Amino acid sequence: MNPLQSSYNEHQLSGRYICNSHIEPLLSAYNTSIIGNSEAGLPIHRIRIGTGKTKVLMWSQMHGNESTTTKSVFDLLRYLQSDKSLRETLQLSIIPILNPDGAKAYTRFNANQVDLNRDAIDLCQAESRILRKEFDEFSPDYAFNLHDQRTIFGVEAKPATLSLLAPAFDKERSFNDCRTKAAQLAASVFQGLQSSSIASQIGRFDDQFNPNCVGDAFQSLGVPTLLIEAGHFQDDYHREQTRMFVFNAYILALQAIATSTFADVSIYHSIPENRKIFFDYLLRNVRYVDHGNEKTADIGLQYKEVLNRNLIEFYAVFAASGDLSDAHGHIEPNCENLEPFSFKIEESAQNLLKSLNL
Ligand SMILES: [Zn+2]
């Protein structure tokens, strides 16, 4: 695939903290409307681009702290300026930040602490109703549901940098024409990225049916819906590399739609399932003293993401200890030669890292 590179990067967006105040200065370059307000009164923006017959609805940051796919949306918008053929074949409606309150507070939830991805049936939140109205009025041929996933997900022994899913539309998780089309779309992305450095870092997300989830709901309504989850890439906690792979995933999916050239559904089923197998740190063979006895354990630490003055800071906290031989760490030092620790591991993740010079 060709447009792999960062030449389309929207440089005004970077890092993990992306909210309305970051994207609003960029909007005047595009055909933008405010399609409603969030529960706390912030505008929800929509961008339309393209004049083609085939319509694609995309929404990002329905979970406020999942900003990678939003950065990639703006990279895509820059790219589309140069791709007349895609613009003339497709018509895109993009909601870059569906949950501006959650984005501002850097939380998954909206201002009422509701998970919008569990509100597809009740539609009890303004943001959910706005998305549903856009879905009904725009009447898309395809829908892209865009998220970030945590660093805990892996594909075999590697981090899951991308996860894809054609959500189920029934409890039996069966495949009708609509879901098959979504699966073929995912397969096209997977196949297109086989020549990239994340060929073995793409997972298939769990397809348990939940009608309260928006992807499942839209799939049930007969619109092929693709879930894209941006995940961890080696040493890329700000997800600037991942952002590029997501951008490429968008292009691959849109090209497949525009040319009606889809990969075979069997490729979708061959995508390995992603699993919760990673810690941010997995400290192997840590010796520690417990009630006067020396013991050895593996210790898993997980980063907590904290918003501090417009920046996201990462604090390691204790997540698990014991025999973690089946798990992996994005950083995995062997601690067997260190003096035994005497402090309480559960309370001392930071001390532990300090003594390891990490
Ligand atoms: Zn999410």
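It should be emphasised that the depicted structure is a prediction, and the values quoted were computed from it without experimental measurement. (Residues numbered from 1 in each chain as written. Predicted model: local features only at pLDDT ≥ 70, side-chain atom pairs only at ≥ 80, totals over all residues. Heavy atoms only, no water.)

1. Quick notes on unusual backbone geometry
Look at Gln61: it is not a glycine, yet its phi comes out positive at around 55°. Its location among the elements puts Gln61 in the loop between β3 (54-60) and α2 (68-80). Of note, the phi angle at Asp235 is positive, near 60°, even though the residue is not glycine. Considering the arrangement of structural elements, one finds Asp235 in the loop between β10 (225-230) and α8 (240-259). Relative accessible area serves as the criterion here: at 72%, Asp235 is assigned to the exposed category. (Helix = DSSP H or I, 4+ residues; strand = E, 2+ residues; numbered from the N terminus. Buried < 20%, exposed > 50% of the residue type's maximum accessible area, 1.4 Å probe, protein only.)

2. Notes on the coordination of the zinc ion
Surrounding the zinc ion are the protein donor atoms His63 (ND1), Glu66 (OE), Glu66 (OE) and His147 (ND1), at 2.0 to 2.6 Å. Relative to the metal, the four donor atoms surrounding the zinc ion lie at angles of 54 to 149°, and the coordination shape comes out irregular. Within one chain, the residues serving as donors to the zinc ion are arranged as H-x2-E-x80-H. On the criterion of sequence distance, the pair formed by Glu66 in the loop between β3 and α2 and His147 in strand β5 (residues 142-148) is long-range, its members being 81 residues apart. (Donors = N, O, S within 2.8 Å, 3.2 Å for Na, K, Ca; no water. Tetrahedral: all angles 85-135°; square planar, octahedral: opposite > 155°, others 65-115°.)

3. Focus on the nonpolar core
Core analysis: the biggest nonpolar cluster contains 64 residues, and Met58, Phe74, Leu76, Leu92, Phe144 and Leu185 have the highest contact counts within it. With 12 residues, the top contributor of residues to this core is α8. By size, the runner-up hydrophobic cluster in this structure holds 17 residues, among which are Ile44, Trp59, Ile95 and Ala143. (Core = buried A, V, L, I, M, F, W, Y, C linked by side-chain atoms within 4.5 Å.)

4. As for the environment of Thr107
Tracing the sequence through the fold places Thr107 in the loop between α4 (100-105) and α5 (126-138). Owing to a relative accessible area of 27%, Thr107 belongs among the partly exposed residues under this scheme. Separated by 43 residues in the primary sequence, Thr107 and Gly64 have C-alpha atoms spaced 5.2 Å apart. Apart from residues no more than four positions distant in its own chain, Thr107 is found in contact with His63, Gly64, Asn65 and Gly102. One polar contact links the side chain of Thr107 to the main-chain carbonyl oxygen of Phe109, over a distance of 3.1 Å. (Contact = heavy atoms within 4.5 Å. Polar contact = N/O pair within 3.5 Å; in protein donor to acceptor, adjacent residues only side chain to side chain.)

5. Remarks on the pairing of strand β4 (residues 90-95)
Most of β4 sits inside the fold, with five of its six residues counted as buried. Sheet topology places strand β2 (residues 43-49) next to β4; three bridges connect them, and they run antiparallel. The partner of Ile49 across the bridge, within β4, is Leu92. Here six bridges tie β3 to β4, and the two strands are oriented parallel to one another. (Pairing = 2+ DSSP bridges.)

6. Quick notes on the environment of Ser270
With respect to the element layout, Ser270 can be found in helix α9 (residues 265-270). Here Ser270 falls in the partly exposed class, since its relative accessible area comes to 48%.

7. Topic: the packing of α2 against α8
The interhelical angle for the contact between α2 and α8, taken along N-to-C directions, is 55°, at an axis separation of 8 Å. Taken together, α2 and α8 sit at an angle that is classed as oblique. Note on packing geometry: the crossing formed by α2 with α8 is right-handed. Residues Thr68, Thr69, Lys71, Ser72, Val73, Asp75, Leu76 and Tyr79 of α2 touch α8, and the partners they reach there are Glu240, Thr242, Arg243, Val246, Phe247, Tyr250, Ile251, Leu254 and Gln255. Counted by class, the contact of α2 with α8 contains eight nonpolar, five polar and four charged residues. (Axes fitted to C-alpha atoms, helices over the stretch in contact; angles between N-to-C directions. Parallel < 35°, antiparallel > 145°, perpendicular 65-115°, else oblique. Left-handed = near helix turned anticlockwise from the far one by under 90°. Nonpolar A, V, L, I, M, F, W, Y, C, P; charged D, E, K, R; others polar.)

8. Quick notes on the domain arrangement of the protein chain
For the protein chain, the domain assignment lists domain 1 (6-275) and domain 2 (277-355). With centres defined by C-alpha atoms, the gap from domain 1 to domain 2 works out at 33 Å. Every contact between the two is made by 18 residues of domain 1 and, on the other side, 12 residues of domain 2. Buried area between domain 1 and domain 2, both sides added, is near 1,400 Å², and the carbon and sulfur share of it is 62%. When the area that domain 1 buries against domain 2 is broken down by residue, the three leading residues are Tyr17, Tyr106 and Tyr237, summing to 38%. At the surface where domain 1 touches domain 2, the tally comes to one salt bridge. The closest approach of N and O atoms between Glu305 and Arg16, which form a salt bridge, is 3.2 Å. At the junction of domain 1 with domain 2, the criterion picks out nine residue pairs in polar contact (both at pLDDT 80 or more). Elements supplying a minimum of two residues to the side of domain 1 that touches domain 2: α4, β6 (153-155) and β7 (158-159). Of the residues that constitute the side of domain 1 that touches domain 2, the class distribution is eight nonpolar, four polar and six charged. (Domains from an automatic or database assignment. Buried area = accessible area lost by both parts, 1.4 Å probe. Salt bridge = Lys/Arg side-chain N within 4 Å of Asp/Glu carboxyl O.)

9. Some points on the sheet that holds β3
As summarised here, the arrangement of the eight strands in space is β1-β2-β4-β3-β5-β10-β8-β9, forming an open sheet in which the pairing is mixed. At either margin of the open sheet sits one strand with a lone partner, and together these are β1 (31-37) and β9 (202-204). Looking at each pair of strands side by side, their axes are set apart by 20° on average, direction ignored. Pairing of β3 with β5, which is carried by five bridges, proceeds in the parallel orientation. Bridged to Val56 within β5 is Tyr142. α5 rests against β1, β2, β3 and β4 of the sheet, and its axis sits at about 170° to β3. The sheet contacts of helix α6 (residues 177-192) involve β5, β8 (162-165), β9 and β10, and relative to β10 the element is tilted by about 35°.

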